[in-house]
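The residues making up each chain are set out below.
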Amino acid sequence: NSSAQTKSDNQNHDISALSHKEYDPSIDERLPETVTLLTTPKGAKLYLVGTVHFSVESQNDVSTIIQAVQPHIVVVELCKARIGILQLNEETMYKSAKNVTYQTIVDTLKTHGTYHGLFRILLLRMVARISKQLGMAPGGEFRRAFEEAKSIPNCIIQLADRPFDITITRAVRSLSWRQTLKIGWHLINLKGDISKEYVEVCKKKHLLGDVTNKLKEEFPVIEQVFMAERDLYLTYSLQGACELQHILSGTMPLRIVGIVGIGHIAGITKHWGKVKSSDIAPIMRVPPQSLSTKILKFTIKVSLLSAVIYAGYKILPMPSGISLQCIRSSVEGLLKVSGDN
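Residues numbered from 1 in each chain as written. Predicted model: local features only at pLDDT ≥ 70, side-chain atom pairs only at ≥ 80, totals over all residues. Heavy atoms only, no water.

(A) Just the overall build of the chain, in detail. If you tally the helices and strands in the chain, you get 17 helices and five strands. Across the 341 residues in the chain, those meeting the buried criterion constitute 46%. When the accessible area of the chain is evaluated, it comes to approximately 17,400 Å², of which 57% is carbon and sulfur surface. (Helix = DSSP H or I, 4+ residues; strand = E, 2+ residues; numbered from the N terminus. Buried < 20%, exposed > 50% of the residue type's maximum accessible area, 1.4 Å probe, protein only. Areas by Shrake-Rupley, 256 points an atom, 1.4 Å probe, with all protein chains shown as cover.)

Following this line, the structure appears as structure tokens:
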């Protein structure tokens, strides 16, 4: 039922009928609570839309702002590795997001190595759980922004986020083995139902502050790498978009709409106009592995073969014809691939 409701909400939005609108300056006086207006000394305007990734209301906020602003540039909180989110329809994304299959696990481990791969699988599992409960795929606000931007002549789409591989590698290598086990345990043992109403409540500023403070207290490394560092990177990307003033609009003030997770709004606002390239170089480096991390990785590799075989036979759906030897060969192969990671 929730899936059908989401489809209905999306179908009510007809982008094609809204093309060729004019910029409405009065939007500055009636911005939604989730939108922050930032400016530059050259007069460029950045309409920063804070979103929740499973929120229909966030998608509607994106449409409202882009239609009113008619921006020269739309900037989204994505990197090249995640650009596929923009090009798939909601139904395809939902089917993909809600299922973590045996083949998904094997492919992830082969591509990213044992240690990083397991973290990715835990994140995929969390997304799949939320997708099933809400009946929708994440990232709908980015797809909505993409569709809206296509209806505006000469509007440019830009990607603003740090490469995901760098983010997750910095996070994993910065965690102690105790922190690694703790966060892994939390991701494995996620409980409780999530409703659409709760998702919308998550946009409230007081609740966001509580969540951020709790994350910083429980997992300071995760908060630093996934939030604070990306606040800097996103700010730098958005500043760069605003510097295209004379190239795109001549003497006309540049109008930009930025679509980011609402948890980044406070950080971007704090850093706005202050981030330099020298601030970005340090957060693009990958730190060396600690000794405890190497020991933990070895332990994980030793136990992975039996764990994946058990999961393959007892938990995950597999294509017919996959034998025990086939699974064993796959896991042994991915262990060799991950040996250098």
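(B) Summary view of the environment of Ser 63. Secondary-structure assignment places Ser 63 in helix H2 (residues 56–69). With a relative accessible area of 4%, Ser 63 lands in the buried category. When the C-alpha atoms of Ser 63 and Glu 147 are compared, they prove to be 9.2 Å apart, with 84 residues separating the residues in sequence.

(C) How the structure looks around the packing of helix H8 (residues 164–174) against helix H12 (residues 220–242). Contact pair H8 / H12: the axes reach a minimum separation of 8 Å and the direction vectors enclose 150°. As summarised for this structure, H8 and H12 are arranged roughly antiparallel, according to the angle between their axes. As H8 packs across H12, the resulting crossing turns out to be right-handed. Between H8 and H12, the contacting residues are Phe 164, Thr 167, Arg 170, Ala 171 and Ser 174 on the first element and Val 221, Ile 222, Val 225, Phe 226, Glu 229 and Arg 230 on the second. (Axes fitted to C-alpha atoms, helices over the stretch in contact; angles between N-to-C directions. Parallel < 35°, antiparallel > 145°, perpendicular 65-115°, else oblique. Left-handed = near helix turned anticlockwise from the far one by under 90°. Contact = heavy atoms within 4.5 Å.)

(D) Main features of the packing of aromatic side chains. Per the counting criterion, the structure on display carries zero aromatic pairs. Between the NZ or CZ atom of Arg 255 and the centre of the ring of Tyr 23, over which it lies, the distance is 4.2 Å. (Phe/Tyr/Trp six-rings, centres within 6.5 Å; stacked < 30°, edge-to-face > 60°. Lys NZ or Arg CZ within 6 Å of the ring centre and 35° of its normal.)

(E) Examining the sheet that holds strand E4 (residues 156–159) more closely. Spatially, E1-E2-E5-E3-E4 is the arrangement adopted by the five strands of the open sheet, whose pairing is mixed. Looking at strand neighbours, the two that pair on one side only are strand E1 (35–39) and E4, the edges of this open sheet. Strand-to-strand twist across the sheet, computed as the mean angle between neighbouring axes with direction ignored, equals 20°. In this structure, strand E2 (residues 45–51) lies alongside strand E5 (residues 255–261), joined through seven bridges in parallel fashion. Its bridge partner being in E5, Lys 45 is matched across the sheet by Arg 255. Strands in contact with H2 are E1, E2, strand E3 (73–76) and E5; relative to E2, the strand with the most contacts, it is inclined by about 165°. (Pairing = 2+ DSSP bridges.)

(F) The pattern of salt bridges, seen in detail. Under the counting rule described, the total for this entry stands at nine salt bridges. Among the ionic pairs, Glu 77 bridges to Arg 230, the shortest N-O distance being 2.6 Å. Of this pair, Glu 77 sits in the loop between E3 and helix H3 (84–87) while Arg 230 sits in helix H12, and the two are 153 residues apart along the sequence. Each member of the pair, Glu 77 as well as Arg 230, is classed as buried. We note a salt bridge from Arg 82 to Asp 161, for which the minimum N-O separation is 2.5 Å. Linking Arg 82 in the loop between E3 and H3 with Asp 161 in the loop between E4 and H8, this pair joins segments that are 79 residues apart in sequence. Salt bridges here are not isolated pairs; linked through shared partners, they connect Glu 77, Arg 82, Asp 161 and Arg 230. (Salt bridge = Lys/Arg side-chain N within 4 Å of Asp/Glu carboxyl O.)

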